[in-house]
Amino acid sequence: MALTNSQTLPFGTLSIAMVTLFHADGSVDFDATAQLANQLVDDGCDSLVISGTTGETSTLEDQEKEDLFRVVVEAVGGRAKVIAGTGTNHTSHSIEMAQRAARAGVDGQLVVTPYYNKPTQAGVLAHFEAVAEATDLPIMIYDIPGRSGIPIHTETMIRLADNPKIVALKDAKADFAEITRVLANTTLDVYSGDDGLTLPWMIAGAVGVVSVSAQVATAQFRALVDAAAAGDVTTARRIHFELDPVVRAVMTHIPGAVSAKQILRRQGLIPNAAVRLPLVGPTAVEMETVLADLAEAGMNFDRPRSTRTADGAPA
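Residues numbered from 1 in each chain as written. Predicted model: local features only at pLDDT ≥ 70, side-chain atom pairs only at ≥ 80, totals over all residues. Heavy atoms only, no water.

K.L.:
For helix α2 (residues 62-76), give the residues involved together with the corresponding values.
P.N.:
Taking 1.5 Å of rise per residue, 15 residues should cover 21 Å, and α2 covers 21 Å from first to last C-alpha, within 8% of that figure. Asp 62, Glu 64, Lys 65, Glu 66, Leu 68, Phe 69, Val 72, Val 73 and Val 76 are the residues of α2 that are buried. The secondary structure elements touched by the buried residues of α2 are α1 (30-42), β2 (47-50), β3 (81-85) and α3 (91-104). Gly 78 lies just past α2 and shows a positive phi near 95°. (Helix = DSSP H or I, 4+ residues; strand = E, 2+ residues; numbered from the N terminus. Expected span 1.5 Å × (residues − 1). Buried < 20%, exposed > 50% of the residue type's maximum accessible area, 1.4 Å probe, protein only. Contact = heavy atoms within 4.5 Å.)

K.L.:
Please give an account of the UniProt feature "binding site: pyruvate" (unreviewed entry) in the protein that cites residues and values.
P.N.:
Mapped onto this numbering, the UniProt entry annotates "binding site: pyruvate" (unreviewed entry) at Thr 54 and Val 210. In terms of the greatest pairwise C-alpha distance, the residues named above, spread along 157 residues, form a tight cluster of at most 11.1 Å across. Of the annotated set, the members that line the largest pocket are Thr 54 and Val 210. Accessibility expressed as a relative area gives 8% for Thr 54, which makes it buried. (UniProt positions renumbered as here; feature names shortened; annotations may be inferred. 1 Å grid on protein atoms, 1.4 Å probe; cavity = no way out; pocket = protein on both sides within 12 Å on 5 of 7 lines; lining within 4 Å.)

K.L.:
Provide a residue-level description of the UniProt feature "site: Part of a proton relay during catalysis" (unreviewed entry) in the protein, including the pertinent values.
P.N.:
Look at the UniProt record and you will see "site: Part of a proton relay during catalysis" (unreviewed entry) annotated at Thr 53 and Tyr 116. Annotated residues from the preceding list that form part of the lining of the largest pocket: these are Thr 53. Classification of Thr 53 by relative accessible area gives partly exposed; the value is 35%. The residues touching Thr 53, leaving out its near neighbours within four places in the chain, are Tyr 142 and Arg 147. Note on Tyr 116: relative accessible area 72%, which makes it exposed. Aside from chain neighbours lying at most four places away, what touches Tyr 116 is Asn 89 and Ser 148.

K.L.:
Go over empty space enclosed by the protein with me, naming the residues and quoting the values.
P.N.:
Applying the stated criterion across every chain, the model contains 1 cavity of 30 Å³ or more. In terms of lining, the largest cavity is formed by Asp 143, Ile 152, Thr 154, Met 157, Leu 169, Asp 171, Lys 173, Glu 178, Ile 179 and Val 182. Counting residues per element, the ones that place at least two in the lining of the largest cavity are α6 (154-160), β6 (166-171) and α7 (176-185). Here the element with the most residues in the lining of the largest cavity is α7; it accounts for 3 residues. For the lining of the largest cavity, the class distribution of residues is 5 nonpolar, 1 polar and 4 charged. (Points joined across faces, edges and corners; volume = space filled by probe spheres on them. Nonpolar A, V, L, I, M, F, W, Y, C, P; charged D, E, K, R; others polar.)

K.L.:
Outline the layout of surface pockets, supporting the account with residue identities and numerical values.
P.N.:
Considered as a void within the structure, the largest pocket measures approximately 920 Å³ in volume. Forming the walls of the largest pocket are 42 residues, and the residues nearest its centre are Gly 52, Thr 53, Thr 54, Thr 57 and Arg 147. Mapped onto the lining of the largest pocket, the elements with two or more residues apiece are α2, β4 (108-112), α5 (145-148), α10 (233-251) and α11 (256-266). Of the residues belonging to the lining of the largest pocket, the class tally is 18 nonpolar, 17 polar and 7 charged.

K.L.:
Before we move on, could you go through the sheet that holds β4 and cite the residues and values that matter?
P.N.:
Sheet architecture is closed into a barrel: 8 strands sit in the order β1-β2-β3-β4-β5-β6-β7-β8, paired in parallel fashion. For this sheet the average axis-to-axis angle between neighbouring strands, irrespective of direction, equals 25°. The sheet contact formed by β3 and β4 spans 3 bridges and is parallel. Looking at β4, one finds that Ala 84 is bridged to Gln 109. Docked against the sheet, helix α4 (residues 121-134) engages β4, β5 (139-143) and β6, running at close to 160° with respect to β4. (Pairing = 2+ DSSP bridges. Axes fitted to C-alpha atoms, helices over the stretch in contact; angles between N-to-C directions.)

This is how it looks when you write it as C-alpha cells:
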C-alpha cells in the first residue's frame, strides 16, 4: 500500500493514539491539543485516535471527549482521519459516545472490547453490532485482552467482519497465528496495536499501525509504514531496528501516556506533561531509564532533576 493511497482507507495507514493535554489545574487544554494534532499531521501521520487509552479516556468526562473530538476535527479535518475512542464496558454508554462522536464530525470510531465484565463471545458480538447500528460511522475494533480481560475469538472476528460498518481491526493480541487467520478470512483493514510488531504484521498483510510511540518519532514511523507497504523489506527492517529503543522507552517502563508526554515536553511540542490521577509523573529513576533508551536511539535530552511529581509537570 503506497502512501498516496493511504487516504483511500477509512483510517489511513499511520494512526497515532494521541495524548490529551491538560492545564496545570487538570482541565483539558484544547488549544495545546489542537496544536499537537496539527504538528503530528505535519510530521506525517494520516490518522489520529482521540480519547483512546493514551488519551486518558478513563479519566475524561463525556462532554470533554465530545469537545475534544470537535476541536481536533476543526484542527486537522480534511488533512487526516479523526477517530473517536468511543468504547466502554457499557453498551448503551458506548452508543451514546458513538452518537456524540458522529455529531462532532469525526471520520470513524475505535471501539474496544467491553472490559471488566468479561462477557461471552455472544455478548461481545451483540455489543459491537449494537454500537455499529447506532450511527453511520465506520468502526475499528480494538482487541486488547491485556486490558479488557478477554480476547475476541477469531471466529467472532470473522462474524463481525460481515457487518458493513465494521471495517478495521486494531490488533493488540500479539498472536501471529490468530491474526493470520483474520487476514486470510476477512477483508478487514488490520492495524498493529503493538508498536514493535508493525513490521511483521504489515508483511503478513496489515495496512498500518495505531501507535503511541509514533507521536515522538512520527517521521520514522511514516518511513517504516511506507517501506513495509511498498515491499521494501530491507529499508523497513533497518527502521524497525532504529525504532526499537524508542518503542521500549515509550511503552515498557511507565504508562504510555506518561512517557509520551514527558518526551513530547522535552521535544518542545507541548507546554507540560500533566496527567490525571490515577496516573502520576515518573520518578527520577523511571525517567532515567526512559532517557537511556532514547539516547540509544540518538535522542538525547537532559536528565531529570527531581523525583515524582503528581501532575507530571516539569521540575
